[in-house]
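Here are the chains, one letter per residue:
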Amino acid sequence: MDKLEATLKIIDRALTMFGPDELFVSFNGGKDCTVLLDIIHNMNRKEAKRVKCIYVRPLNPFSEIEEFVEVCREHYGISIATVTGSIKTALEAICQEDRQIKACIMGSRKTDPYCERLEPFKETDEGWPKLMRINPLLEWTCDDIWSYIRDHNVPYCSLYDQGYTSIGDRTNTIPNPHLKIETSTGDETYRPAYTLKDADKYERAGRL
(Lines give C-alpha, C1' and ligand atoms only; values in the text may rest on other atoms or scores of the structure.)
Protein backbone atom coordinates (compact mmCIF):
# COMPACT_ATOMS: atom_id res chain seq x y z
CA MET A 1 0.00 0.00 0.00
CA ASP A 2 1.52 3.36 -0.94
CA LYS A 3 1.42 6.37 1.36
CA LEU A 4 -1.38 8.18 -0.45
CA GLU A 5 -3.58 5.09 -0.34
CA ALA A 6 -2.86 4.67 3.38
CA THR A 7 -3.70 8.34 3.95
CA LEU A 8 -7.00 7.99 2.11
CA LYS A 9 -7.89 4.98 4.25
CA ILE A 10 -7.25 6.98 7.45
CA ILE A 11 -9.39 9.89 6.26
CA ASP A 12 -12.10 7.50 5.09
CA ARG A 13 -12.11 5.87 8.53
CA ALA A 14 -12.33 9.31 10.16
CA LEU A 15 -15.36 10.18 8.03
CA THR A 16 -16.96 6.92 9.12
CA MET A 17 -16.25 7.52 12.81
CA PHE A 18 -17.32 11.17 12.81
CA GLY A 19 -19.88 13.19 10.92
CA PRO A 20 -18.60 16.11 8.82
CA ASP A 21 -19.99 18.56 11.40
CA GLU A 22 -17.87 16.88 14.08
CA LEU A 23 -14.57 17.26 12.20
CA PHE A 24 -12.34 20.09 11.11
CA VAL A 25 -9.05 20.42 9.27
CA SER A 26 -6.42 22.44 11.13
CA PHE A 27 -4.85 24.70 8.50
CA ASN A 28 -1.90 27.09 8.84
CA GLY A 29 -1.02 27.68 5.19
CA GLY A 30 1.98 25.35 5.34
CA LYS A 31 2.82 22.70 2.78
CA ASP A 32 1.72 19.68 4.86
CA CYS A 33 -1.79 20.86 5.68
CA THR A 34 -2.11 22.16 2.10
CA VAL A 35 -1.51 18.62 0.83
CA LEU A 36 -4.00 17.35 3.40
CA LEU A 37 -6.62 19.87 2.27
CA ASP A 38 -6.07 18.93 -1.37
CA ILE A 39 -6.42 15.20 -0.66
CA ILE A 40 -9.62 15.67 1.34
CA HIS A 41 -11.11 18.05 -1.22
CA ASN A 42 -10.49 15.56 -4.02
CA MET A 43 -11.95 12.52 -2.27
CA ASN A 44 -15.01 10.87 -3.78
CA ARG A 45 -16.94 10.91 -0.50
CA LYS A 46 -19.47 13.73 -0.39
CA GLU A 47 -18.89 14.11 3.36
CA ALA A 48 -15.31 15.22 2.66
CA LYS A 49 -16.57 18.39 0.96
CA ARG A 50 -18.42 19.36 4.15
CA VAL A 51 -15.53 19.06 6.60
CA LYS A 52 -14.75 22.44 8.15
CA CYS A 53 -11.38 24.09 7.53
CA ILE A 54 -10.02 26.43 10.19
CA TYR A 55 -6.96 28.65 9.69
CA VAL A 56 -5.00 28.75 12.94
CA ARG A 57 -3.48 32.21 12.58
CA PRO A 58 -0.31 33.05 14.58
CA LEU A 59 0.04 36.40 16.30
CA ASN A 60 2.64 37.63 13.78
CA PRO A 61 1.71 35.97 10.48
CA PHE A 62 3.53 36.42 7.21
CA SER A 63 1.49 38.43 4.72
CA GLU A 64 2.27 35.72 2.15
CA ILE A 65 0.50 33.13 4.33
CA GLU A 66 -2.51 35.41 4.72
CA GLU A 67 -2.64 35.83 0.95
CA PHE A 68 -2.30 32.10 0.42
CA VAL A 69 -5.27 31.38 2.68
CA GLU A 70 -7.33 33.54 0.34
CA VAL A 71 -5.94 31.63 -2.65
CA CYS A 72 -7.09 28.37 -1.05
CA ARG A 73 -10.57 29.75 -0.37
CA GLU A 74 -10.93 30.55 -4.06
CA HIS A 75 -9.11 27.52 -5.46
CA TYR A 76 -11.11 24.97 -3.48
CA GLY A 77 -14.32 26.98 -3.27
CA ILE A 78 -14.52 26.56 0.49
CA SER A 79 -15.06 28.62 3.60
CA ILE A 80 -12.03 28.87 5.87
CA ALA A 81 -12.71 30.19 9.35
CA THR A 82 -9.91 31.95 11.23
CA VAL A 83 -8.86 31.56 14.87
CA THR A 84 -5.84 33.50 16.14
CA GLY A 85 -3.37 32.19 18.71
CA SER A 86 -1.34 29.13 19.63
CA ILE A 87 -2.66 25.73 18.61
CA LYS A 88 -3.85 25.04 22.17
CA THR A 89 -5.58 28.41 22.46
CA ALA A 90 -7.13 27.90 19.04
CA LEU A 91 -8.45 24.44 19.89
CA GLU A 92 -9.98 25.76 23.10
CA ALA A 93 -11.73 28.55 21.19
CA ILE A 94 -12.93 26.21 18.45
CA CYS A 95 -14.37 23.68 20.91
CA GLN A 96 -16.01 26.38 22.99
CA GLU A 97 -17.65 27.94 19.95
CA ASP A 98 -18.83 24.68 18.38
CA ARG A 99 -19.84 21.98 20.85
CA GLN A 100 -20.31 19.47 18.00
CA ILE A 101 -16.57 19.30 17.29
CA LYS A 102 -15.08 15.97 18.32
CA ALA A 103 -12.03 15.54 16.09
CA CYS A 104 -9.31 17.51 14.36
CA ILE A 105 -7.50 16.40 11.18
CA MET A 106 -3.89 17.59 11.24
CA GLY A 107 -0.97 17.61 8.82
CA SER A 108 1.59 16.34 11.35
CA ARG A 109 4.44 14.10 10.22
CA LYS A 110 6.64 11.92 12.42
CA THR A 111 9.68 14.05 11.59
CA ASP A 112 7.97 17.10 13.17
CA PRO A 113 8.98 18.00 16.75
CA TYR A 114 7.24 15.85 19.41
CA CYS A 115 5.39 13.87 16.74
CA GLU A 116 7.57 10.75 16.52
CA ARG A 117 5.20 8.79 18.79
CA LEU A 118 1.95 9.99 17.31
CA GLU A 119 -0.52 7.51 15.87
CA PRO A 120 -3.09 8.04 13.10
CA PHE A 121 -5.81 8.32 15.75
CA LYS A 122 -4.82 9.69 19.15
CA GLU A 123 -6.77 11.69 21.72
CA THR A 124 -5.33 14.97 22.94
CA ASP A 125 -3.17 14.96 26.05
CA GLU A 126 -4.45 15.82 29.50
CA GLY A 127 -4.97 19.55 29.93
CA TRP A 128 -5.96 20.06 26.29
CA PRO A 129 -9.49 20.27 24.87
CA LYS A 130 -10.83 16.73 24.52
CA LEU A 131 -10.51 15.88 20.84
CA MET A 132 -9.49 12.99 18.66
CA ARG A 133 -6.39 14.02 16.72
CA ILE A 134 -6.35 12.43 13.27
CA ASN A 135 -2.96 12.36 11.56
CA PRO A 136 -3.17 10.99 8.00
CA LEU A 137 0.32 12.15 6.91
CA LEU A 138 2.47 10.71 9.70
CA GLU A 139 4.52 8.44 7.45
CA TRP A 140 5.12 11.02 4.73
CA THR A 141 8.56 12.57 4.28
CA CYS A 142 9.25 16.14 3.25
CA ASP A 143 10.15 14.84 -0.21
CA ASP A 144 6.81 12.98 -0.35
CA ILE A 145 4.98 16.24 0.35
CA TRP A 146 6.79 18.12 -2.40
CA SER A 147 6.37 15.27 -4.86
CA TYR A 148 2.60 15.33 -4.28
CA ILE A 149 2.44 19.12 -4.63
CA ARG A 150 4.41 19.16 -7.87
CA ASP A 151 2.84 16.03 -9.38
CA HIS A 152 -0.71 17.26 -8.69
CA ASN A 153 -0.09 20.95 -9.42
CA VAL A 154 -1.22 21.95 -5.93
CA PRO A 155 -0.99 25.67 -5.11
CA TYR A 156 1.40 26.53 -2.28
CA CYS A 157 2.58 29.60 -0.37
CA SER A 158 5.09 31.75 -2.26
CA LEU A 159 7.46 31.76 0.73
CA TYR A 160 8.57 28.28 -0.26
CA ASP A 161 10.00 29.69 -3.49
CA GLN A 162 12.02 32.18 -1.40
CA GLY A 163 13.96 29.54 0.55
CA TYR A 164 11.62 28.99 3.47
CA THR A 165 11.17 25.29 4.24
CA SER A 166 9.25 25.26 7.54
CA ILE A 167 7.04 28.24 8.25
CA GLY A 168 5.96 29.49 11.66
CA ASP A 169 5.54 33.25 11.98
CA ARG A 170 7.69 36.33 11.50
CA THR A 171 9.28 35.97 14.95
CA ASN A 172 10.66 32.45 14.52
CA THR A 173 11.20 31.80 10.81
CA ILE A 174 13.95 32.68 8.34
CA PRO A 175 14.94 31.25 4.94
CA ASN A 176 16.76 27.95 5.26
CA PRO A 177 20.53 28.59 5.28
CA HIS A 178 21.09 25.28 3.44
CA LEU A 179 19.37 26.82 0.42
CA LYS A 180 21.46 29.98 0.29
CA ILE A 181 23.38 30.57 -2.94
CA GLU A 182 25.45 33.40 -4.40
CA THR A 183 24.54 34.80 -7.79
CA SER A 184 27.01 35.71 -10.51
CA THR A 185 26.79 39.33 -9.36
CA GLY A 186 27.75 38.41 -5.79
CA ASP A 187 24.26 38.79 -4.35
CA GLU A 188 22.80 36.21 -1.98
CA THR A 189 19.55 34.47 -2.75
CA TYR A 190 17.82 31.18 -1.92
CA ARG A 191 16.79 28.14 -3.91
CA PRO A 192 13.17 26.89 -3.62
CA ALA A 193 12.21 24.63 -0.72
CA TYR A 194 11.62 21.61 -2.92
CA THR A 195 15.32 21.54 -3.91
CA LEU A 196 16.54 20.97 -0.33
CA LYS A 197 18.78 17.91 0.04
CA ASP A 198 18.40 15.70 3.14
CA ALA A 199 15.11 17.49 3.69
CA ASP A 200 13.99 15.51 6.73
CA LYS A 201 17.27 16.44 8.44
CA TYR A 202 17.43 20.10 7.46
CA GLU A 203 13.77 21.05 6.89
CA ARG A 204 13.56 23.07 10.13
CA ALA A 205 16.97 24.72 9.84
CA GLY A 206 15.19 28.02 9.23
CA ARG A 207 13.15 27.86 12.47
CA LEU A 208 14.58 29.93 15.34
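You'll find the structure just up there.
Overview of the packing of helix α1 (residues 3-17) against helix α2 (residues 31-41)
1) Next: Where α1 meets α2, the closest approach of the two axes is 11 Å, and the angle between their N-to-C directions is 70 degrees. Our classification of the angle between α1 and α2 gives roughly perpendicular. Two secondary-structure elements touch here, α1 through L4, T7, L8 and I11 and α2 through L36, I39 and I40.
2) Next: Of the residues assigned to the contact of α1 with α2, the class counts are 6 nonpolar, 1 polar and no charged.

What about unusual backbone geometry?
1) Next: At N153, a position not held by glycine, the phi torsion is positive, near 55 degrees.
2) Next: With respect to the element layout, N153 can be found in the loop between α5 (142-151) and β7 (180-182).

What about the side chain of R109?
1) Next: Residue placement: R109 occurs in the loop between β4 (103-105) and β5 (121-123).
2) Next: Overall, the relative accessible area of 0% leaves R109 in the buried class.
3) Next: A distance of 3.1 Å separates the side chain of R109 from the side chain of T111, its partner in a polar contact.
4) Next: In contact with R109, not counting residues within four places along its chain, are K31, D32, C115, L137, L138, W140, T141, C142, I145, D200 and E203.

Looking at the nonpolar core
1) Next: If you look at the biggest cluster of nonpolar residues, it comprises 48 residues, and the most contacted ones within it are L23, F27, I65 and I134.
2) Next: Secondary structure elements with two or more residues in this core: α1, β1 (23-27), α2, β2 (52-57), α3 (63-76), β4, β6 (132-134) and α5.
3) Next: A total of 6 residues in this core trace back to one element, the largest contributor, which is α2.
4) Next: Once residues lying within four places of it in the same chain are set aside, the contact partners of I134 are I10, A14, F18, L23, A103, C104, I105, M106, P120 and F121.
5) Next: One finds V56, I94, I101 and L131 within the second-largest nonpolar core, a separate group that totals 12 residues.

Brief notes about the sheet that holds strand β3 (residues 80-84)
1) Next: Read from one edge to the other, the open sheet built from 6 strands follows the order β3-β2-β1-β4-β6-β5, with strand pairing classed as mixed. Each edge of the sheet is formed by a strand with only one pairing partner; in this case those strands are β3 and β5. Averaged over all pairs of adjacent strands, the angle between their axes in this sheet comes to 30 degrees, without regard to strand direction.
2) Next: With 3 bridges connecting them, β1 and β4 associate as parallel partners. In the strand pairing of β4, F24 is matched with C104.

Reading guide: rules and limits
- Numbering of residues starts from 1 in each chain and follows the order in which that chain's sequence is written.
- Whole-chain, interface and lining totals are the exception, using all residues; otherwise, since this is a predicted model, local features are given only for residues with pLDDT of at least 70 and side-chain atom pairs are given and counted only at 80 or more.
- Processing note: side-chain calculations cover all non-hydrogen atoms of the structure and skip hydrogens and water entirely.
- Only the stretch in contact is used when a helix axis is fitted, and all axes are lines through C-alpha atoms; the angle between N-to-C directions ranges over 0 to 180 degrees.
- A run of H or I in DSSP becomes a helix once it reaches four residues, and a run of E becomes a strand once it reaches two; helices and strands are each numbered from the N terminus.
- Put simply, angles under 35 degrees are roughly parallel, angles over 145 are roughly antiparallel, angles from 65 to 115 are roughly perpendicular, and the rest are oblique.
- Two residues qualify as a contact provided that any one of their heavy atoms is within 4.5 Å of a heavy atom in the partner residue.
- Three classes are used, and their members are as follows: Ala, Val, Leu, Ile, Met, Phe, Trp, Tyr, Cys and Pro are nonpolar, Asp, Glu, Lys and Arg are charged, and the others, Gly among them, are polar.
- When a residue's accessible area, from a 1.4 Å probe over protein chains only, is under 20% of the maximum for its type it is buried; when over 50% it is exposed; and in between it is partly exposed.
- Under the rule applied, a polar contact is a pair of N or O atoms within 3.5 Å (in protein, one hydrogen donor and one hydrogen acceptor; residues adjacent in sequence only if both atoms are side-chain atoms).
- We call a set of buried residues a nonpolar core when its members are Ala, Val, Leu, Ile, Met, Phe, Trp, Tyr or Cys and they connect through side-chain atoms within 4.5 Å of each other.
- By this definition, two strands are paired if DSSP reports at least two bridges between them.

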